[in-house]
Amino acid sequence: NNNIVIAIDGFSSCGKSTMAKELAKKLGYIYIDSGAMYRAVTLFCIQNGLVTNGVIDEDRLKDEMRNIKIEFRINSEGRPETYLNDKNVEQEIRSMQVSNLVSPVSAIGFVREAMTRLQQDMGRRKGIVMDGRDIGTTVFPNAELKIFVTASSDTRAKRRLEEMLRKGQTATYDEVLKNVEERDYIDQHRTVSPLRKADDAILLDNSHMTLEQQDQWLYNEYLKAV
Ligand code: C5P
């Protein structure tokens, strides 16, 4: 068994999950969207009144952490969906409201510790593709293949907007661009596990790549890594 761990990190909305999912499918690996886990914690904060004027009540959140159960369940089409305390929240965690609060929630040390532990458990048996911000640096520093993805913020905002509109959500280009740039800033400047390229990660700028080119590129890197 030469199953490996594949870590895909990078900026917001640069297609990490699309390429990670595709590769996982091709290899028969598990795909984990670590961002969905931070989004689920954020949704929990919103639903339980832990947010006042954009400020998170960290003391209460710390007490509530043990009441937050996050899982992925495979739907009838074979795709993983995010569950928060046994409720399917796959749609809700993608809203602008969650997107606008997720980076501050993700900067909290005890939140990161809990999510990191869960993620490491999920990868114990290898054969996993995980995307996020700190997978190659913190969660799986020994991953056999690490990719760091970037693209211009204009490209990323357009992609995210298209995706949201396709899913029937409402947003404007300006709103999405602002959110993408703000999240990147907070993610790069937080003290605990900031977003940065691991020294041994391979850099990919996919601004001018088609989905097919990107998938081919990634598969090729996988072949080189095994
Ligand atoms: O990947 P996605 O854009 O859904 O992630 C949402 C947010 O979750 C990111 O902007 C970041 O603040 C946080 N995140 C993180 N570490 C990860 C994955 C996501 O801090 N490994």
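Here the structure is a predicted model, which means the values were calculated and not measured. (Residues numbered from 1 in each chain as written. Predicted model: local features only at pLDDT ≥ 70, side-chain atom pairs only at ≥ 80, totals over all residues. Heavy atoms only, no water.)

### Looking at the overall build of the protein
The criterion, for reference: Each helix is a run of H or I in the DSSP string that is no shorter than four residues. Each strand is a run of E no shorter than two, and both are numbered from the N terminus. The globule rule used here is 2.2 Å times the number of residues to the 0.38 power, and the radius of gyration it is set against is calculated over C-alpha atoms. Exposure is judged per residue with a 1.4 Å probe applied to protein chains only, and the accessible area is read against the type maximum: over 50% gives exposed, under 20% gives buried, and values in between give partly exposed. Here, residues are in contact when the closest pair of their heavy atoms is within 4.5 Å. Method for areas: the Shrake-Rupley scheme with a 1.4 Å probe, in which residue coverage is limited to the protein chains shown. Positive charge is attributed to Lys and Arg, negative charge to Asp and Glu, and no charge count is given to His or to the chain ends. Note on charges: their place is set at NZ of Lys, CZ of Arg, CG of Asp or CD of Glu.
The secondary structure content of the protein amounts to nine helices and ten strands. Rg of the C-alpha trace for the protein: 17 Å, near the compact-globule value of 17 Å for 226 residues, within the 12% margin. Along the longest, intermediate and shortest principal axes, the C-alpha atoms of the protein span 50 × 40 × 40 Å. Counting the 226 residues in the protein, one finds 49% classified as buried. Across the protein, every contact between residues at least 6 apart in sequence was considered, and the portion connecting residues at least 24 apart equals 71%. Accessible surface, the protein as shown: approximately 11,400 Å² in total, 47% of it carbon and sulfur. When the 32 positive and 34 negative side-chain charges of the protein are each reduced to one mean point, those points stand 3 Å apart.

### Considerations on the site of the ligand
Which entries qualify depends on this criterion: Throughout, near means a residue has at least one heavy atom within 4 Å of the molecule or strand. In the analysis that follows, any N or O atom pair within 3.5 Å is treated as a polar contact, provided that within protein one partner can donate a hydrogen and the other can accept it, and provided that, for residues neighboring in sequence, both atoms belong to side chains. Under the scheme applied, nonpolar residues are Ala, Val, Leu, Ile, Met, Phe, Trp, Tyr, Cys and Pro; charged residues are Asp, Glu, Lys and Arg; polar residues are all the others, including Gly.
In the vicinity of the ligand, 16 residues are found, and the nearest of them are R39, R112, R183, D187 and R190. Interatomic distance of 3.0 Å between a side-chain N/O atom of S34 and a nitrogen atom of the ligand. Within the side chain of S103, one N or O atom sits 3.0 Å away from an oxygen atom of the ligand. At the level of elements, helix 2 (34-47), helix 4 (96-106) and helix 8 (173-189) are the ones that each hand at least two residues to the shell around the ligand. Per-element tally for the shell around the ligand: the top contributor is helix 2, with four residues. Its residues assigned to classes, the shell around the ligand shows three nonpolar, five polar and eight charged.

### A word on the packing of helix 1 (residues 16-27) against helix 9 (residues 211-225)
Inclusion rule: Note on definitions: angles span 0 to 180 degrees between N-to-C directions of axes, and those axes are lines fitted to C-alpha atoms, for helices only across the stretch in contact. Oblique is the label for any angle not covered by the other classes, which are roughly parallel (under 35 degrees), roughly antiparallel (over 145) and roughly perpendicular (65 to 115). For any pair of crossing helices, the crossing counts as left-handed if the nearer helix is rotated counterclockwise from the farther one by less than a right angle, and right-handed if it is rotated clockwise.
Taken N-terminus to C-terminus, the directions of helix 1 and helix 9 make an angle of 55 degrees; their axes are 10 Å apart at the nearest point. Judged on the interaxial angle alone, helix 9 and helix 1 are oblique. Judged by the sense of rotation from one axis to the other, the crossing of helix 1 with helix 9 is right-handed. Contact residues: T18, M19, E22, L23, K26 and L27 in helix 1; L211, Q214, D215, W217, L218, Y219 and Y222 in helix 9. In terms of residue class, the contact of helix 1 with helix 9 is made up of eight nonpolar, two polar and three charged.

### A word on the pattern of salt bridges
Let me state the cut-off plainly: In the sections that follow, a salt bridge refers to a side-chain nitrogen of Lys or Arg positioned within 4 Å of a carboxyl oxygen of Asp or Glu.
For the structure on display, the rule yields 19 salt bridges. The residue K87 makes a salt bridge to E92 at a minimum N-O spacing of 3.3 Å. Judged by relative accessible area, E92 falls into the partly exposed class, the value being 33%. One salt bridge connects D187 with R190, and the closest N-O pair in it is separated by 3.6 Å. The same class applies to D187 and to R190, which are both buried.

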